[in-house]
Amino acid sequence: MTARVKFSVSVETFLGQTLCLVGDDPQLGSWDPLKALEMEPENADQNSTKWFTTVALNHSTTYHYRFFICKQRTQPVTNGYITPLAKDVLGDTNDGMTIYKWETNIKPRHLSIQSGEEVLELPEATFGLYDGEQNVGKGWLINQCEVQIRLHNNPIFMWKTKHREQTYSIRCTAMDYSLQSNTPDDDNEDSRDGPLPCTVDDVLVCNLTDDDCRPTIQSQHGTVYYKDNYIVFRTQMTDTQQQGFQLDFCLSEPNRAPKFIGSSHLLPFKQKESQHTRKFPIIGFNHKPIGEITVEYLIVKPCPGLVMTMDTTYQTHWKWKKAGDTSLDIGHRGMGASYSQVSTLKENTIASFAAAAKHGADFVEFDVLLSRDKMPVIFHDFSVKALYSNKKKHHRQNELFEIPVKSLTLTQLQSMKLFCSDTTCVGINDEETEEECNEPFPTLERVLTVVDENTGFDIEIKYPQQDINDAWEMENYFDVNENIDHILQVVFAHAGTRKIVFSSFDPDTCILIQLKQNKYPVLFLHQGQTQIYTPYKDYRAYSFKNGISFALSEHLLGVALHSEVLLQDLSLIDRVLSKKLVLFVWGSDNNNPQMIKRLRDLKVDAIIYDRIDCHKPEHQPEFQLPSETVAASFMNIVESEERASVLICEASCSGSLISQRSRSNSDCLDNAGGSK
């Protein structure tokens, strides 16, 4: 027996957008967005705020479901007419799907149908709001590419001097070049018709210099570009080699209507590179160039073989701290950097991660990059210094080579052994080996498999950037899409139920991680304008203000800021938290118990630091008593000592009595350069 269940939801949508229903039953698409049910708008001819659909569902069953907003699904243009796809073939079409927004509460909505019910009309829902929480996430790439057109560093240059001082607005339109060879005018050789705009105009725009810099629909005349702005146009398309863009320029003057002055045409992208910068002419009324514009673009492609469903997501989820809750403790490279300071455990090794977890780390942070054979390995630097000594000629000086990690295979990387701790040096290992768990260059797959699944991972993905002196951290690196794809494929194959957060100093890497998957959250790592490191050239990575705006514009979970710079302007903490962004703090200054306490008092969400065993305040060593006789004697002490107490343990303690005692941290504090 079935009941007819009516779903209705209120949400603001725009022309070209459709609301869909997806859930855990085949009737609801089995969490596959391509098989979801399209809902009907209350007002079909205008922007609608209410959508509904009716579905036949079985009695005595509990269903789970979500709503999402996507681009209206359409068939190819035929004689200028666009025909909506029938619902029953929605999941079988090869058309691209663009998801704009979807409900991302940890638990989906649910309903139960009682026996005997023939019709069930559910209360009208508010999109994203239920169970006392409201979480709406940005969509991810399913079978389309996202293209970002970026204008920054004052990209407009007019030939005439008087025009250079004027201000212009820019509107970006996606153009479909695939129709050029399939139009009825093909027989007319004199036709001068150009490409047509794409059927749905969904190019969004944001200005990172604005306080509220979330992507929005463009206005009729576009967005005004002021000096030093950073404007991003973005859209999703099925084929970047068949679709391009048109930039229309209008003169913007106070108290006057915008005046159209010319256009630039960005032809379909034929290059294989995911990132590129090009100059395009601005063509005026007389069909002659009047200037040029410098355009930077990014193409984000779906991750091959990675199929995402809508049942579970953590991208917008964070356990917001309640009164009395403390910041998370994250072990930097496990138990801390070992190449720059004395440590018994090597950084970024399985042994270091396991030790950090044992001493109470909520997460461990580590760095991932690719070897020559595209294997994700754990290592911090883009290159290694390898020392080689010919044993037959000991009188000769050892030879030291600096070799990019990307130039060495996994076998070559793991054949080396560390021989010094003051720099990132390794030697060619032709003799004995140490225990594998303490060896450098473990693979990401092995770390995911071996380290206790209850230990969270903060996975920092390395990608080279350019500094303000125009020097690159590493040249001729892997394509940014290829780099992310290899890492994500390993993570999703072996993550299990582990808590994972991705992070990167490279803004484009953060964009790709966010768009290629819909499960794990992403943080933008930022060093700020520090005295320790050379600043990055990228506008988004230059200052904290820019980085916060970038995180907002890409709907990232939050930012991880450098403590040295952050503590010079504490108002930044309020700005981050007021925007409902999560705040992690990293830096060598954190290796001080006084600094850790200060950051906890400032209510930051997580602190990344070395030597978890020394600085985690709630950690105390635990000792298991060997027998019931000894336990009884300890209980006598507990009963007679006012300061003694009994801790009720979880099941993992196997019912054994746990005795706790304090210890001196003086040896650790000396290493950290501070005291409690």
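Everything numeric in this text was worked out from a predicted model, so none of it was measured.

Colleague: Help me out: how do you make sense of the overall build of the protein in this one?
Modeller: A count of helical and extended segments in the protein gives 14 helices and 40 strands. Per-residue burial over the protein gives 49% buried out of 676 residues. Contacts in the protein between residues far apart in sequence, at least 24 positions, make up 70% of those at least 6 positions apart. In the form shown here, the protein has an accessible surface area of approximately 33,600 Å², with 48% of it arising from carbon and sulfur atoms.

Colleague: Which parts of the structure should I look at to understand the packing of helix H5 (residues 480-494) against helix H6 (residues 507-516)?
Modeller: Remark: H5 packs on H6, axes separated minimally by 10 Å, with the N-to-C direction vectors making an angle of 50°. Comparing their axes, H6 and H5 come out oblique. For the pair H5 and H6, the sense of crossing is right-handed. Side by side, H5 and H6 meet where Val480, Asn481, Ile484, Asp485 and Leu488 of the first sit next to Thr509, Leu512, Ile513 and Lys516 of the second. When the residues that make up the contact of H5 with H6 are grouped by side-chain class, the tally is five nonpolar, two polar and two charged.

Colleague: Teacher, can you tell me more about unusual backbone geometry here?
Modeller: Excluding glycine, residues mostly carry a negative phi; peptide bonds, for their part, are mostly trans. Here Asp131, not a glycine, exhibits a phi torsion of approximately 55°, which is positive. On the secondary structure map, Asp131 appears in the loop between strand E11 (129-130) and strand E12 (133-134). If you check the backbone angles, Asn348 has positive phi at about 55° while not being a glycine. As for its placement among the helices and strands, Asn348 is situated in the loop between strand E26 (328-332) and helix H2 (350-358). Using a relative accessible area of 2% as the deciding quantity, one classes Asn348 as buried.

Colleague: Is there a simple way to explain the environment of Leu370 in this structure?
Modeller: The residue Leu370 is located in strand E27 (residues 363-370) in this model. Given a relative accessible area of 0%, Leu370 falls into the buried group. As for Leu370 and Ile487, which are separated by 117 residues in sequence, their C-alpha atoms are 8.2 Å apart. In this view, Leu370 contacts Met375, Pro376, Val405, Lys406, Tyr477, Phe478, Glu482, Asn483, His486 and Ile487; residues no more than four positions away in its chain are not counted.

Colleague: Looking at this structure, I do not really get helix H10 (residues 571-578). What am I missing?
Modeller: One turn of the α-helix equals 3.6 residues, which is why residues spaced by three or four share an orientation. The set of residues buried in H10 consists of Leu572, Ile573, Arg575 and Val576. The buried residues of H10 occupy an angular sector of 160° when the element is viewed end-on, so they sit on one face. Turned more than 90 degrees away from the buried face of H10 sit Asp574 and Ser578, all of them exposed. Next to the buried residues of H10 lie helix H8 (544-553), strand E36 (558-562), helix H9 (563-566) and strand E37 (582-586). Lys580 sits one or two positions beyond H10 and adopts a positive phi of about 60°.

Colleague: What am I meant to see in the pattern of salt bridges here?
Modeller: Opposite charge on two side chains allows them to pair when their charged atoms are near. Following the criterion strictly, the structure yields 22 salt bridges and no others. As a salt-bridge pair, Asp211 and Lys579 come within 3.0 Å of each other at their nearest N and O atoms. Here Lys579 lies in the loop between H10 and E37 and Asp211 lies in the loop between strand E18 (204-207) and strand E19 (216-217), a separation of 368 residues in the sequence. The class for Asp211 is partly exposed, based on a relative accessible area of 46%. A salt bridge links Arg234 to Glu554, with the nearest nitrogen and oxygen atoms 3.0 Å apart. Note that Arg234 is positioned in strand E21 (residues 230-237) and Glu554 in the loop between H8 and E36, a separation of 320 residues in sequence.

Colleague: Can you walk me through H2 in this structure?
Modeller: Taken together, the buried positions of H2 are occupied by Ile350, Ala351, Ser352, Phe353, Ala355 and Ala356. Just beyond H2, the residue with positive phi is Gly360, at close to 105°.

Colleague: Hey, could you run me through the pairing of strand E5 (residues 50-58) in this one?
Modeller: Sheet faces and side chains relate simply in a regular strand, where the side chains alternate between the two faces. Of the two faces of E5, only one is covered, namely that formed by Trp51, Thr53, Val55 and Leu57; the face formed by Lys50, Phe52, Thr54, Ala56 and Asn58 stays uncovered. Note that strand E1 (residues 2-10) and E5 share nine bridges and pair antiparallel. Considered in E5, the bridge of Val9 is made with Trp51. As paired elements, strand E4 (residues 40-41) and E5 share two bridges and run antiparallel to each other. Bridge pairing in E5 links Pro41 to Trp51.

Colleague: Help me understand the pairing of strand E2 (residues 17-23), please; the structure alone is not making it clear to me.
Modeller: Here E2 lies mainly inside the structure; seven of its seven residues are buried. Side chains Gln17, Leu19, Leu21 and Gly23 project from E2 onto one buried face, and the interleaved Thr18, Cys20 and Val22 project onto a second face that is buried too. When E2 meets strand E6 (residues 61-71), the two strands line up antiparallel, connected through seven bridges. Along E6, the bridge assignment pairs Gly23 with Tyr65. Bridging between E2 and strand E3 (residues 37-38) involves two bridges; their strand directions are antiparallel. The partner of Cys20 across the bridge, within E3, is Glu38.

Colleague: Sorry if this is basic, but what is going on with the packing of aromatic side chains here?
Modeller: The relative placement of two aromatic rings is captured by the distance of their centres and the angle of their planes. Taken as a whole and judged by the stated rule, the model has 19 aromatic pairs. Both rings, one in Phe505 and one in Trp586, keep their centres 5.5 Å apart while their planes meet at 85°; by these two values the pair is edge-to-face. Here Phe505, found in the loop between strand E34 (500-504) and H6, pairs with Trp586, found in strand E37; they are 81 residues apart in sequence, far enough to count as distant. Judged by centre distance (4.9 Å) and plane angle (70°), the ring pair of Phe524 and Phe550 falls under edge-to-face.

Colleague: Is there a simple way to explain the side chain of Arg171 in this structure?
Modeller: Topologically, Arg171 is positioned in strand E16 (residues 167-176). Relative accessible area serves as the criterion here: at 17%, Arg171 is assigned to the buried category. One polar contact links the side chain of Arg171 to the main-chain carbonyl oxygen of Ser219, over a distance of 2.9 Å. Within the local environment of Arg171, its side chain forms a polar contact with the backbone oxygen of Gln220, the two atoms lying 3.3 Å apart.

Colleague: Got a minute to help me understand the environment of Lys71 in this structure?
Modeller: Here Lys71 lies in strand E6. Take Lys71: its relative accessible area is 16%, and that puts it in the buried class. Counting along the chain gives 57 residues from Lys71 to Phe14, while the straight-line C-alpha distance between them is 9.7 Å. For Lys71, the side chain forms a polar contact with the side chain of Asp202, separated by 3.2 Å.

Colleague: How do you make sense of the packing of H8 against H10 when you look at a structure like this?
Modeller: For any two helices packed against each other, one specifies the inter-axial angle together with the distance between the axes. It is at 11 Å that the axes of H8 and H10 come closest, and there the two elements cross at 5°. Our classification of the angle between H8 and H10 gives roughly parallel. Across from Phe544, Lys545, Ile548 and Ser549 in H8, the residues of H10 making contact are Leu572, Arg575 and Val576. Looking at the contact of H8 with H10 residue by residue, the class counts come to four nonpolar, one polar and two charged.

Reading the values: rules and limits
- Residues numbered from 1 in each chain as written.
- Predicted model: local features only at pLDDT ≥ 70, side-chain atom pairs only at ≥ 80, totals over all residues.
- Heavy atoms only, no water.
- Helix = DSSP H or I, 4+ residues; strand = E, 2+ residues; numbered from the N terminus.
- Buried < 20%, exposed > 50% of the residue type's maximum accessible area, 1.4 Å probe, protein only.
- Contact = heavy atoms within 4.5 Å.
- Areas by Shrake-Rupley, 256 points an atom, 1.4 Å probe, with all protein chains shown as cover.
- Axes fitted to C-alpha atoms, helices over the stretch in contact; angles between N-to-C directions.
- Parallel < 35°, antiparallel > 145°, perpendicular 65-115°, else oblique.
- Left-handed = near helix turned anticlockwise from the far one by under 90°.
- Nonpolar A, V, L, I, M, F, W, Y, C, P; charged D, E, K, R; others polar.
- Arc of directions from axis to C-beta.
- Salt bridge = Lys/Arg side-chain N within 4 Å of Asp/Glu carboxyl O.
- Pairing = 2+ DSSP bridges.
- Phe/Tyr/Trp six-rings, centres within 6.5 Å; stacked < 30°, edge-to-face > 60°.
- Polar contact = N/O pair within 3.5 Å; in protein donor to acceptor, adjacent residues only side chain to side chain.

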